[in-house]
Each structure stands twice: as C-alpha cells, then as structure tokens.
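If you want the building blocks of each chain, they are given just below.
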Amino acid sequence: MQTQHRSALRIGVIGSHGSWYVDRLCRDGRRRGHEMLPLSFDAMTAATVRGRLQLRFGDVSVESLDAVLVRTMPPGSLEQVVSRMDMLSGAAELGVRIVNPPKAIECAVDKYLTTQRLALAGVAVPDTIVCESSEQAMVAFEELGGDVVLKPLFGAEGRGIIRLTDRETAWRVFRTLERIGAVLYVQRFIRPANGRPPEDVRILLLDGRVLGSMKRQPATGDFRANAAQAGTCSAWIPTEEELALARKAAEVTGCVFCGVDLMYDECGCPNLIEVNAVPGWKALERTCGMSVTDDLFAWLEAELS
C-alpha cells in the first residue's frame, strides 16, 4: 500500500545504472507517494534559448523537478567534471533543491580542497603534503616519517589508496603517477594508540543531525577500514568531541547530507580524515538497524513543504 506523507514531489536521482542506492531511493520515494526519476550525467544537456537557461536530463526538464539527489560523481575529463558542476549550479539557480549543494560536492569530491578548507578552519587533519613531482613527493615521504598513505585526489570507498613504507617502492610509485600527470596526495599514516588495531569512526549527518554512527576495522592484512574493502563494522555512539568535529566539517564543506570519517592518532587525538558528499549507508543501516531513506525523505518533505 502506498503511503502518502504530503503532496507528491518530483525527485530526480543522479546515479549509475543498476546502482543499489538509486534503486533504493526510487523504491522508497515511490512508497511515500513521490515521483522518482533515475537520471544520469551523460544525459544532461544545457541550452540558452532567447536568453533563458534550459537544462534537461534526456526528456526530463530540470525545472519540472522539485529536488535532485546526487548519488554519483563519475570519473571524466576536467571539462566533463566542470560542466557537470556548472549544470548542477544552474539547476540550483532555477530553484531546484540539490542534495548535496553543488559547491559542497565540488569541495568534498576533491580531497585536497577538503583538507585545505578544514586546515584553514582549524580542524585537526593528518599531516599532508600535495605536489606534482616525484622528487617533491620523496621529500614529503621523508618529512612524513617514511610511512605514508598515497591517495587519489578523487576517489571513494578506499579505492586506489596505497600505504608506502619502503623508499624504493615509494620512488617507483611516485614516478609512475608523475608520468600520467597525477597529483600526489601524500599523507602521514596514522598509527593507533597503544598498539591497537587501526580503526575509524564514520558519522552520517543530515542537516547537522546524526542519522547513525559506526566504528570500522580493516580486514586482516589491510589498513583500510572501509566496508567496501571488507572492513568490520560495529555500532557506535559518537562522543561530543567527535560530533563537534563532524558538524564543523559539514559546515566548512557546505554539506547537508554527508559521511564524516575520523581516526585517532598515537596521542589519542581525533583527526578528520574525509568528508563524503555522496555517502554510502548500506553497511551503516545493517550495523545500526535503521532506515536512512526514511530520514532523508522526511527531511526533504519538511524542507519543501
């Protein structure tokens, strides 16, 4: 039976074909009486006709939508990525509610920009050096203690992250990435206190409210705690300090709906690792026994009422 919570909204969901998250959002939105439309960036077009902006996803006019939920920012050329962000900003200017706001997505999808803004705001982040040459990266490797994590500037779910502890291996990796024009984002590896296994805290926020939180530990032989990398998850009640850090990170990046990752260093101090503006929640729901989509749609309905 369909449940009617308020006047029906027309909501687009930008995501990959076959995405579990797109399917879930569309299913649960329809149960609440909303019209749900799966969309993709490759079908997005923009036109200015007689001085008026027109944006479309295939045959769907952006102006006909009440809201757009962004579930992906796929890889692409610099022009493609910039164009997608410009079009999302145009949609927001036309009065469509974009979740997350385009500027927030632009910030959070870029690890360096996020780290820079957090540091400028006085938020504790791991020691990080960003450069373009292998020589500079080797200097960074030494300055950061010879035990670093190399991360792709754009990426999620722990993909492409490498821990480097050997000087020769680090040099070869840096040289290879330099040849393909990659930016080298080199971060000090955070060692847990008291010889404990590495773990991080994921806090899922919606408009400053905690939807759920969990601790994650990496699988044996790995250092990445992401659930997508077979990490083990357990429900967690965040401390006041953790909540304050997470909310500050959301504020600095402009994110309304986000996953914030924290990790404790050897001194027992929390460091803000990442802000995800397109957060996954499959593992969080399974771990905490809750429904993220119910909260998300209830919030959206209240915002647009």
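Going by the structure above, here's the rest.
Residues numbered from 1 in each chain as written. Predicted model: local features only at pLDDT ≥ 70, side-chain atom pairs only at ≥ 80, totals over all residues. Heavy atoms only, no water.

Student: Explain the overall build of the protein here, please?
Tutor: The helix and strand tally for the protein stands at nine helices and 16 strands. Its C-alpha atoms give the protein a radius of gyration of 20 Å, near enough to 19 Å, the size a compact globule of 305 residues would have. Across its three principal directions, the C-alpha atoms of the protein cover 60 × 45 × 35 Å. Per-residue burial for the protein yields a buried fraction of 49% across its 305 residues. Of the accessible surface of the protein, which amounts to about 14,900 Å², a share of 50% is contributed by carbon and sulfur atoms. Charged side chains of the protein number 35 positive and 39 negative; the gap between the two group centres comes to 4 Å. (Helix = DSSP H or I, 4+ residues; strand = E, 2+ residues; numbered from the N terminus. Rg over C-alpha atoms; globule rule 2.2 N^0.38 Å. Buried < 20%, exposed > 50% of the residue type's maximum accessible area, 1.4 Å probe, protein only. Areas by Shrake-Rupley, 256 points an atom, 1.4 Å probe, with all protein chains shown as cover. Lys, Arg positive; Asp, Glu negative; His and termini not counted. Charge placed at Lys NZ, Arg CZ, Asp CG, Glu CD.)

Student: Please clarify how the sheet that holds strand 10 (residues 162-164) should be interpreted in this entry.
Tutor: One key point about sheets: their strands pair by backbone hydrogen bonds, in either a parallel or an antiparallel sense. In spatial order, the strands read 8-11-9-10; together these four strands make up an open sheet with antiparallel pairing. Edge positions in the open sheet fall to strand 8 (128-131) and strand 10, since each of these has one partner strand only. If you compare each strand with its neighbour and ignore which way they point, the axes differ by 25 degrees on average. With three bridges joining them, strand 9 (residues 148-151) and strand 10 adopt antiparallel strand pairing. Note that in strand 10 the partner of Val 149 across the bridge is Arg 163. In the packing of helix 4 (residues 111-120) onto the sheet, the strands contacted are strand 8, strand 9 and strand 11 (184-188), and the crossing angle to strand 11 comes to about 50 degrees. (Pairing = 2+ DSSP bridges. Axes fitted to C-alpha atoms, helices over the stretch in contact; angles between N-to-C directions. Contact = heavy atoms within 4.5 Å.)

Student: Please explain unusual backbone geometry as it appears in this structure.
Tutor: Trans is the common state for peptide bonds, and a negative phi is the common state for residues other than glycine. A cis geometry characterises the amide bond from Val 99 onward to Asn 100, with omega recorded as 0 degrees. Assignment of secondary structure puts Asn 100 in the loop between strand 7 (97-99) and helix 3 (102-108). Residues other than glycine seldom take positive phi values, yet Arg 50 does so here, at roughly 55 degrees. Locating Arg 50 in the fold gives a position in the loop between strand 3 (44-49) and strand 4 (52-57). One non-glycine residue, Asp 207, lies in positive phi territory at about 55 degrees. Residue position: Asp 207 is located in the loop between strand 12 (200-206) and strand 13 (209-217).

Student: So what exactly am I meant to see when it comes to the pairing of strand 6 (residues 67-70) here?
Tutor: A regular strand places its side chains so that they alternate between the two faces of the sheet. The side-chain alternation of strand 6 yields two buried faces, one formed by Ala 67 and Leu 69 and the other by Val 68 and Val 70. Pairing between strand 1 (residues 10-14) and strand 6: four bridges, direction parallel. Its bridge partner being in strand 6, Val 13 is matched across the sheet by Leu 69.

Student: Hey, could you run me through the state of the cysteines in this one?
Tutor: Between two cysteines, a covalent bond joining their sulfur atoms is known as a disulfide. In the structure shown here, the tally under the stated rule is zero disulfides. Of all cysteine sulfurs in the structure, the one in Cys 269 sits closest to Cys 267, which takes part in no disulfide; the separation is 5.5 Å. For Cys 267, a relative accessible area of 68% gives the class exposed. (Disulfide = S-S within 2.5 Å.)

Student: Whenever I open this one, the packing of aromatic side chains confuses me. Can you help?
Tutor: Aromatic rings in a pair are described by how distant their centres are and how their planes are angled relative to each other. What the rule picks out here adds up to three aromatic pairs. Between Tyr 21 and Trp 281, the aromatic rings sit 4.8 Å apart at their centres with planes inclined by 75 degrees, giving edge-to-face as the arrangement. Here the residue Tyr 21 occupies a position in helix 1 (residues 20-31), and Trp 281 occupies one in the loop between strand 16 (270-276) and helix 8 (282-288), the gap between them amounting to 260 residues. On the basis of relative accessibility, which here comes to 15%, the residue Tyr 21 falls in the buried class. Taking relative accessible area as the criterion, Trp 281 reaches 1% and is therefore assigned buried. Geometrically, the ring pair formed by Phe 257 and Trp 281 is tilted, given 5.9 Å between the ring centres and 55 degrees between the ring planes. In this pair, Phe 257 sits in strand 15 (residues 257-264) while Trp 281 sits in the loop between strand 16 and helix 8, placing the two residues 24 residues apart along the sequence. Here Phe 257 matches Trp 281 in class, with each residue buried. (Phe/Tyr/Trp six-rings, centres within 6.5 Å; stacked < 30°, edge-to-face > 60°.)

Student: How do you make sense of the sheet that holds strand 7 when you look at a structure like this?
Tutor: Across the sheet, four strands lie side by side as 2-1-6-7; this open sheet has parallel pairing. A strand with exactly one partner marks an edge of an open sheet, and here the two such strands are strand 2 (35-39) and strand 7. With strand direction ignored, the average angle separating the axes of adjacent strands in the sheet is 20 degrees. As judged from the three bridges shared by strand 6 and strand 7, these two strands associate in the parallel manner. Within the sheet, the bridge partner assigned to Leu 69 lies in strand 7 and is Val 99. On the sheet, helix 1 packs against strand 1, strand 2 and strand 6 and is oriented at approximately 165 degrees with respect to strand 2. Strands strand 1, strand 2, strand 6 and strand 7 of the sheet are contacted by helix 9 (residues 292-303), whose axis makes an angle of about 155 degrees with strand 7.

Any link to function would need more than the numbers given here.
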